[in-house]
Every structure is written in structure tokens, then in C-alpha cells.
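Each chain, written out:
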Amino acid sequence: PGLFFSAAFHAPMALQEPERGNLDEAAMDGSFTGGVASRYLKDVTAEIRSGFVRKVYLILVVQLLITGALAWPIMIQGNDWVVQNSWIAYTANIVSVVVMVGVICCCQKAMQTYPQNYIFLLTITVCMAIMVGFVCAFYETASVVAAAGMTAGIFLVLTAYACFTKTDFTGMG
């Protein structure tokens, strides 16, 4: 979910032109304003594409850290606590759906505006992290840690590739 939401919340910003200032500075600080330009990410300079990829991966790192920080304490509570407090998971589920539908249907401009886009993304990330914690509580700790370790390993390899390679894969979907 993190990649989808990061792309959904941040890709449109990379496609917009700043009203003033340097395009490189705007790419790094997320201060894009104005309408969507007719050009795509593949049409901008390598520095802007690289900055965009670094920004997306930084956002994903933060999302993974938030998920781990919120899911772990829920997971270690045990099945009894999880069953007794299942209303928390239901509430997180409802909030995440309402926020996603609300943003897609009613607040598309806010989805592309800083800091509202980060607030929406943080809200969805927190809700998903809570749900992950509740789901993980029903699995053995060793299997959850193994899955988290494999995810972190794959993520680190992809991050290193994206940050240090000269190959441009932004147009490859």
C-alpha cells in the first residue's frame, strides 16, 4: 500500500510546474504549485527524476518505520487483547476508507497540495499500521519477523539500486 499511496499522493507534484523559482529546488522541497503540465516525469532532467525517486523512497522509509512502531506493540499484546479491542482495527479500517474515498472524490486538489497531502498520507499510514498490527497478532512472532526482515532486505536493495545506479527506470512503470 505504501508505494501506491506514495505514488498517488506525490507523482502529480512531480508533473507540475512551479509558478516561480528553480525547478530543481521545487522538486526537492515539494513546493510545486500551478496546474498539471503536459510533460511527464520522463521528460524532466535526470537530477529532478533522481530527486523524485529519493523523495519517494524517503517517504516509504518513514511509512515502514511508522508501521513497525505502531504494529509491533499491538502484535505483542496477544490474541485476547486483540479480540477485546477489535473496535480499534474496525475504526482504523473505516477511517482509512473514508479518507481515501474522500480524497479521491472530494479533495483532489488537497491531495496535490502541501502539507495536506502529507496529512492524508500519514492518516492512511497510521490506519494501515494499526490494521497490520492486529493481523500480525494472529501469527507467530518468528514468521512476522521473517516477513518484515525479507521486506526490509528487498526494500534496501531496491533503494540502493534506485539511489546509486546510473540506469533510469522511471519510465518503466
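Conventions we followed
Residues numbered from 1 in each chain as written. Predicted model: local features only at pLDDT ≥ 70, side-chain atom pairs only at ≥ 80, totals over all residues. Heavy atoms only, no water. Patch = residues over 30% accessible without salt bridge, like charges linked within 9 Å, V, L, I, M, F, W, Y side chains within 5 Å. Areas by Shrake-Rupley, 256 points an atom, 1.4 Å probe, with all protein chains shown as cover. Salt bridge = Lys/Arg side-chain N within 4 Å of Asp/Glu carboxyl O. Helix = DSSP H or I, 4+ residues; strand = E, 2+ residues; numbered from the N terminus. pLDDT = per-residue confidence, 0-100. Contact = heavy atoms within 4.5 Å. Buried < 20%, exposed > 50% of the residue type's maximum accessible area, 1.4 Å probe, protein only. Phe/Tyr/Trp six-rings, centres within 6.5 Å; stacked < 30°, edge-to-face > 60°. Core = buried A, V, L, I, M, F, W, Y, C linked by side-chain atoms within 4.5 Å. Polar contact = N/O pair within 3.5 Å; in protein donor to acceptor, adjacent residues only side chain to side chain.

1. Points about a nonpolar patch on the surface
Then, number 1: A cluster of nonpolar residues, Val83, Val135, Phe138 and Tyr139, forms a patch on the protein surface that exposes about 440 Å² of accessible area.
Then, number 2: Tracing the sequence through the fold places Phe138 in the loop between α7 (116-136) and α8 (141-164).

2. A closer look at the confidence of the model for the chain
Then, number 1: Mean pLDDT for the chain: 74, with 71% of residues reaching 70 or above.
Then, number 2: Across the chain, α7 holds the top mean pLDDT of 90, while helix α1 (residues 2-14) sits lowest at 43.
Then, number 3: Across residues 1-39, confidence stays below pLDDT 50; counting only partners more than four residues off in sequence or on other chains, it has 76 contacts.

3. Structural notes on the environment of Cys107
Then, number 1: Residue placement: Cys107 occurs in the loop between α5 (86-105) and α6 (108-111).
Then, number 2: Under the relative-accessibility criterion, Cys107 is labelled partly exposed at 29%.
Then, number 3: With 10 residues separating them in the primary sequence, Cys107 and Asn117 have C-alpha atoms 10.0 Å apart.
Then, number 4: Leave out the neighbours within four places in its chain, and Cys107 touches Gly102 and Phe120.

4. Comments concerning the environment of Glu140
Then, number 1: Tracing the backbone shows Glu140 in the loop between α7 and α8.
Then, number 2: C-alpha of Glu140 to C-alpha of Ile76: the two residues are 64 residues apart in sequence and 9.9 Å apart in space.

5. Brief notes about the packing of aromatic side chains
Then, number 1: One pass over the structure, following the stated rule, counts 3 aromatic pairs.
Then, number 2: Aromatic pair Tyr57 and Phe155: ring centres 5.6 Å apart, planes at 45°, arrangement tilted. Here the residue Tyr57 occupies a position in helix α3 (residues 46-75), and Phe155 occupies one in helix α8, the gap between them amounting to 98 residues.
Then, number 3: The interplanar angle of 80° and the centroid separation of 5.5 Å between the aromatic rings of Tyr114 and Tyr118 together place this pair among those described as edge-to-face.
Then, number 4: By relative accessible area, Tyr114 is classed as exposed at 51%.

6. Describing the nonpolar core
Then, number 1: Ranked by size, the top nonpolar core spans 9 residues in total: Ile74, Val82, Ala89, Ala92, Cys127, Ile130, Met131, Phe134 and Ala137.
Then, number 2: Elements with a contribution of two residues or more to this core: α5 and α7.
Then, number 3: Element by element, the count of residues in this core is highest for α7, at 4 residues.
Then, number 4: Excluding residues that lie within four positions of it along the chain, Ile130 makes contacts with Ile74, Ile88 and Ala92.
Then, number 5: Counting 7 residues, the second-largest nonpolar core is a separate cluster that includes Phe52, Tyr57, Leu60 and Phe155.

7. A few points about the side chain of Ser96
Then, number 1: As for its placement among the helices and strands, Ser96 is situated in helix α5.
Then, number 2: At a separation of 2.8 Å, a polar atom in the side chain of Ser96 contacts the main-chain carbonyl oxygen of Asn93.
Then, number 3: Beyond its immediate sequence surroundings of up to four residues, Ser96 is in contact with Cys127, Met128 and Met131.

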